[in-house]
Amino acid sequence: MSDEIRTLLLDSLERLLRDQCTPERVEAAEQGGYDPELWQQICDLELHRAALPESQGGVEADLSLVTEMLKLTAASALPAPAAEALLLAPWLVTLAAVDLPEGLVTVSPAGKALSVMGEDGQLVISGEVSRVPAGRYADWLLTVANSGDGECLLLLRQDQWQVTEALNLAGEARDTLLFNEVSLSAEQAVNIPGGSAEKLWQLGALARSAQLVGALRRAQTLSHTYVQERSQFGRPLAKFQAIQQQLALLAADLEAASVMTGLAAMGFATGDNGDVAAAKVQAGQAAGMGARIAHQVHGAMGFTQEYPLHHATRRLWSWRDEYGSETHWAHRVGEQLVNLGADEFWPWLTA
Amino acid sequence: MSVSLAPAVLPASSEVLRAEVRQFLSEELAAKRFVPGCDKWLGGFDLEFSKRLGDQGWLGMTWPEAYGGHGRSALDRYVVTEELLAAGAPVAAHWVGDRQSGPSLLRYGTEAQKLDYLPRMASGDHFFAIGMSEPGSGSDLASVRTRADRIDGGWRINGRKIWCSSAHRVDSFILLCRSEPPTEDRHAGLTQFVVDLRAPGITIRPIHLLSGEHHFNEVIMDNVEISDDCLLGEVGSGWAQVTSELAYERSGPERFLSTFPALVALLQRLGKAADRGQRVAIGRLAAQLRALRGMSVSVASALDRGDAPNVEAALVKDLGTRFEGDLVEQIRLLVETEPEYGAEDELNRLLAESFLHMPGFTLRGGTNEILRGVVARGLGLR
Ligand SMILES: Cc1cc2nc3c(=O)[nH]c(=O)nc-3n(C[C@H](O)[C@H](O)[C@H](O)COP(=O)(O)OP(=O)(O)OC[C@H]3O[C@@H](n4cnc5c(N)ncnc54)[C@H](O)[C@@H]3O)c2cc1C
């Protein structure tokens, strides 16, 4: 993947978001968090295919690039399931060597909750998949389930489920999809290598980490602008050392999350070395701390619906708990280290 | 916004070196030639250990061979320093010289100064201290009052330096003086010298740390006469020079690894009996360490490319030095133990060393408040 294509993709996405994904538009898509026209414009640029192999009309965008794209969509609070459609769905269909379905495709890591019965080619599924991003809008749900002979990718169609609506703190749809003895056609269940559900979980955590970094960048940018424009005691807030120190703390946490997310994206292909876990821990931690500081320096203005800071901070408060909280990932790292033993700690850190 | 930390990894070629350092350290430990400790880059002064590192070629690694160095990359040096820190090795004797005085000499020194000092520093035979702070000048370093007055063929120095780490047992220090009366430009009129700590007119008085260790010194200079050969760099360029020295001082892995041995000892003590809460806490600390190391490697890579990541280094040092303290605060809550200086039990001993050194973590090399000011400026807020 050449630098040229990289720049081209990022520039075109950035331009589209700047021109079209305005705070008014984000506000208008509250209660569900989906703007179909805006999403169509993303698809018109073929960005949803970028991560696919060339044979499927993609450019094989690597993880570093796609996570950069997710930072941009998150910074603009794009009302669409960006992580699912730009990264997770292309990754799953590439893994299973099937075509990306047409329409809005979402992904859930919770497919294990489904019961899958029957023979190969004649499967029947039942059960619920909860907290599905954009569930009520999606044409397709991709998820990984356990069938009789191992893990399989399920490609489920909108007419096969019933929706119960729910929202995350950012007003993004996190719906429950109910499957009541649904018969699948042969193409709807594809065997994939064991361990794929785990990989999907990790990739989702990486995607959310990138989104957290993007949303926190937005909160940071708004804060910097605000403290330079707002004056009290006859000078801009930015001139007060207390404000400067707070924003330096925000920057430190944000950069830690950003570097760790970048490393996790670079190393993802080579296997689980703890980088994804560390990224989600850092990003989750930075989200809480950063949101607090951003609101504090904004005073009451940041607490309003009118001012766009909440488009970033409500996403921070939501995304940090999706695909595993800091506790979930820290526990995994802790398990790994306890099992490795004290002597292997430093080698683990430097591997 | 001008804070930019690009994710970077160390080159595979450095890993051969890493294996050599680990081998060396395990032999040293097997022969009981040192006891691992916390904050040993400050408190672990061991001339013989430093000498053995010199024999290995691990001092002055990045300096040209013509000056006794080894012409290796800054990232190779990074690997050696992080291995030594993680092992809690006693590296204090050479730390300052290897990290900042040597590079300053290399950058600003005369040919004669380089040939005189650098080979002896690289072999582990000559050591340096820092002569910046004064009783009236801490964070506000530009306000130093130690005076350098011109005399025939040299300079006469009068003044007092304070907090000079290890000045009572090393050989030289780089001294920041005011060589012209202050003007409106506070940073003008400052000059650096390389001064022999045994020169006539110098008195070194101990200042004991709260742990009882003799680490700090006050260095009093009463009509100390030095020759022109001692001038470092340009007359009047002291501020720019000291700033570049601080960039070396601020950017290394010692800014987040000072208490690392305590975390290893915690894992050792808990073993597989660690409960869920302890595992979560260990995992969280390990995740933070991973991120800090990633940031630190990013800064090291930028330095290696010839960039000047001063803002980034300040940011990482702020985060890293807070982490060093948080780490041991967390450990004590996880195990409910009683730290004891010199205790038989390793964790209790390491915790004691950490707590009694903790106040220094967020002060030395520029306080965290000053660092955040540097970051805020980098962010365009000042
Ligand atoms: C372990 C250790 C080793 C050291 N070794 C050496 C050495 O070898 N050689 C040497 O020259 N020096 C050395 N120092 C000195 C060190 O550089 C100074 O301690 C440091 O620069 C701070 O100066 P100070 O102690 O005078 O504190 P001060 O500058 O008096 O600061 C006291 C407090 O006020 C805060 N403060 C000061 N100015 C501001 C401001 N503008 N805005 C906000 N807050 C502010 C500080 O952050 C700090 O919290 C060492 C210090 C330590 C702790």
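Here the structure is a predicted model, which means the values were calculated and not measured.

A. View of the overall build of chain A. When helices and strands are counted, chain A shows eleven helices and ten strands. Computed over the C-alpha atoms, the radius of gyration of chain A is 21 Å, within 12% of the 20 Å expected from 2.2 N^0.38 for a compact globule of 351 residues. Residues classed as buried in chain A amount to 60% of the 351 residues present. Contacts in chain A between residues far apart in sequence, at least 24 positions, make up 72% of those at least 6 positions apart. A total accessible area of about 13900 Å² is found for chain A, and carbon and sulfur atoms account for 50% of it.

B. Broad picture of the interface of chain A and chain B. Listed by partner, the interface residues are 47 residues for chain A and 48 residues for chain B. Carbon and sulfur atoms make up 67% of the area that chain A and chain B hide from each other, which totals about 4200 Å². At the junction of chain A and chain B, the tally comes to twelve residue pairs in polar contact (both at pLDDT 80 or more). Secondary structure elements with two or more residues in the side of chain A that touches chain B: helix 6 (196–229), helix 7 (241–267), helix 8 (275–298), helix 10 (326–340) and helix 11 (345–350) of chain A. Of the residues forming the side of chain A that touches chain B, the biggest block, 15 residues, is contributed by helix 7 of chain A. Of the residues contributing to the side of chain A that touches chain B, the split by class is 24 nonpolar, 15 polar and eight charged.

C. Looking closely at the nonpolar core. Core analysis: the largest hydrophobic core is formed by 182 residues, its most contacted members being Trp39(A) and Phe345(A). Aside from chain neighbours lying at most four places away, what touches Phe345(A) is Leu337(A), Phe260(B), Leu263(B), Val264(B), Leu267(B), Ala286(B) and Leu289(B). Grouped together as the second largest cluster of nonpolar side chains are 25 residues, Ile157(B), Leu175(B), Met221(B) and Val224(B) included.

D. Representation of the pattern of salt bridges. Residue and element names in this part refer to chain A. Under the definition given, this model contains 47 salt bridges over all chains. For arginine 18, the salt bridge identified is with aspartate 19, shortest N-O distance 3.8 Å. We note a salt bridge from glutamate 255 to arginine 217, for which the minimum N-O separation is 3.1 Å. In this pair, glutamate 255 is assigned in helix 7 and arginine 217 in helix 6, connecting sequence segments 38 residues apart. Take glutamate 255: its relative accessible area is 2%, and that puts it in the buried class. Judged by its relative accessible area of 25%, arginine 217 is partly exposed.

E. Spotlight on unusual backbone geometry. All names here are of chain A. Residues other than glycine seldom take positive phi values, yet alanine 77 does so here, at roughly 55°. Within the secondary structure layout, alanine 77 lies in the loop between helix 4 (63–75) and helix 5 (82–96). A relative accessible area of 4% means that alanine 77 is categorised as buried. Within the chain, arginine 131 stands out as a residue other than glycine whose phi angle is a positive 55°. On the secondary structure map, arginine 131 appears in strand 3 (residues 122–133).

F. Up close: the domain arrangement of chain B. All names here are of chain B. Domains assigned within chain B are domain 1 (12–126), domain 2 (130–239) and domain 3 (245–378). For domain 2 versus domain 3, the separation of C-alpha centres amounts to 30 Å. Taken together, the nine residues of domain 2 in the interface contact nine residues of domain 3. Buried surface at the junction of domain 2 and domain 3, summed over both partners, amounts to about 680 Å²; 62% is from carbon and sulfur atoms. Contact with domain 3 buries area across many residues of domain 2, yet Met132, Ser139 and Leu210 alone supply 48% of it, more than any other trio. Summed over the shared surface of domain 2 and domain 3, the number is zero salt bridges. Looking at the side of domain 2 that touches domain 3, its residues break down into five nonpolar, three polar and one charged.

G. Spatial organisation of the sheet that holds strand 5 (residues 150–157) of chain A. All names here are of chain A. Ordered by their spatial adjacency, four strands build an open sheet running 1-4-5-8, and the pairing between neighbours is mixed. In this open sheet, the two strands that pair with only one neighbour each are strand 1 (105–108) and strand 8 (189–191). Between one strand axis and the next, the sheet turns by 30° as a mean value, whatever way the strands run. The sheet contact formed by strand 4 (residues 140–147) and strand 5 spans eight bridges and is antiparallel.

H. Seen up close, the environment of Gly302(A). All names here are of chain A. Relative to the assigned elements, glycine 302 resides in the loop between helix 8 and helix 9 (309–319). Classification of glycine 302 by relative accessible area gives buried; the value is 1%. Spatially, the C-alpha atoms of glycine 302 and tyrosine 226 are 9.7 Å apart, while their sequence positions differ by 76 residues. Residues contacting glycine 302, with those up to four places away along its chain left out, are His295, Tyr307 and Leu309.

I. The arrangement of helix 1 (residues 14–30) of chain B in detail. Taking 1.5 Å per residue as the helical rise, helix 1 of chain B with its 17 residues ought to reach 24 Å, and the 24 Å between its terminal C-alpha atoms agrees with that figure. Residues Ser14(B), Leu17(B), Arg18(B), Val21(B), Phe24(B), Leu25(B) and Glu28(B) constitute the buried set of helix 1 of chain B. Each buried residue of helix 1 of chain B lies within a common arc of 125° when the element is viewed along its axis, so the set occupies one face. Residues Val16(B) and Ala30(B) are exposed on helix 1 of chain B and point more than 90 degrees away from its buried face. In this fold, the buried residues of helix 1 of chain B make contact with helix 11 of chain A together with helix 3 (47–56), helix 4 (74–86) and helix 9 (276–304) of chain B. Two residues or fewer past helix 1 of chain B, Lys32(B) is found with a positive phi of approximately 55°.

J. Up close: the side chain of Thr106(A). All names here are of chain A. Following the sequence through the fold, threonine 106 ends up in strand 1. In terms of polar contacts, threonine 106 uses its side chain to reach the backbone carbonyl oxygen of proline 133, at 2.8 Å. With near-sequence residues (within four places) excluded, threonine 106 lies in contact with Glu84, Val132, Pro133, Ala138, Trp140, Leu141 and Leu142.

K. Summary view of a nonpolar patch on the surface. All names here are of chain B. Together, Leu210, Tyr341 and Leu356 line one region of the surface with nonpolar side chains, adding up to about 300 Å² of accessible area. Within the secondary structure, leucine 210 sits in the loop between strand 6 (202–208) and strand 7 (214–227). On the basis of relative accessible area, leucine 210 is assigned to the exposed category, the value being 64%.

L. View of the pairing of strand 2 (residues 115–119) of chain A. Residue and element names in this part refer to chain A. Note: strand 2 against strand 3, five bridges, orientation antiparallel. Bridge assignment links methionine 117 to a residue of strand 3, and that residue is valine 124. Hairpin remark: strand 2 followed by strand 3, antiparallel, with two residues in the connecting loop; positive phi at glycine 121, about 85°.

M. Representation of the domain arrangement of chain A in the model. All names here are of chain A. Entries for chain A in the domain assignment read domain 1 (3–103), domain 2 (106–191) and domain 3 (196–350). Computed from C-alpha coordinates alone, the two centres of domain 2 and domain 3 are separated by 30 Å. On the side of domain 3, twelve residues touch domain 2, which itself brings twelve residues to the contact. Summing both sides of the interface, domain 2 and domain 3 together bury roughly 1000 Å²; the carbon and sulfur share of this comes to 54%. Considering only the surface of domain 2 that becomes buried against domain 3, Pro109, Leu169 and Ala170 emerge as the three largest contributors, covering 44% of it. Where domain 2 packs against domain 3, one counts two salt bridges. Among the ionic pairs, glutamate 172 bridges to arginine 315, the shortest N-O distance being 3.8 Å. The interface formed by domain 2 and domain 3 holds eight residue pairs in polar contact (both at pLDDT 80 or more) in total. The class makeup of the residues in the side of domain 2 that touches domain 3 is six nonpolar, three polar and three charged.

Thresholds applied
- Residues numbered from 1 in each chain as written.
- Chains lettered and ligands numbered in written order.
- Predicted model: local features only at pLDDT ≥ 70, side-chain atom pairs only at ≥ 80, totals over all residues.
- Heavy atoms only, no water.
- Helix = DSSP H or I, 4+ residues; strand = E, 2+ residues; numbered from the N terminus.
- Rg over C-alpha atoms; globule rule 2.2 N^0.38 Å.
- Buried < 20%, exposed > 50% of the residue type's maximum accessible area, 1.4 Å probe, protein only.
- Contact = heavy atoms within 4.5 Å.
- Areas by Shrake-Rupley, 256 points an atom, 1.4 Å probe, with all protein chains shown as cover.
- Buried area = accessible area lost by both parts, 1.4 Å probe.
- Polar contact = N/O pair within 3.5 Å; in protein donor to acceptor, adjacent residues only side chain to side chain.
- Nonpolar A, V, L, I, M, F, W, Y, C, P; charged D, E, K, R; others polar.
- Core = buried A, V, L, I, M, F, W, Y, C linked by side-chain atoms within 4.5 Å.
- Salt bridge = Lys/Arg side-chain N within 4 Å of Asp/Glu carboxyl O.
- Domains from an automatic or database assignment.
- Pairing = 2+ DSSP bridges.
- Axes fitted to C-alpha atoms, helices over the stretch in contact; angles between N-to-C directions.
- Expected span 1.5 Å × (residues − 1).
- Arc of directions from axis to C-beta.
- Patch = residues over 30% accessible without salt bridge, like charges linked within 9 Å, V, L, I, M, F, W, Y side chains within 5 Å.

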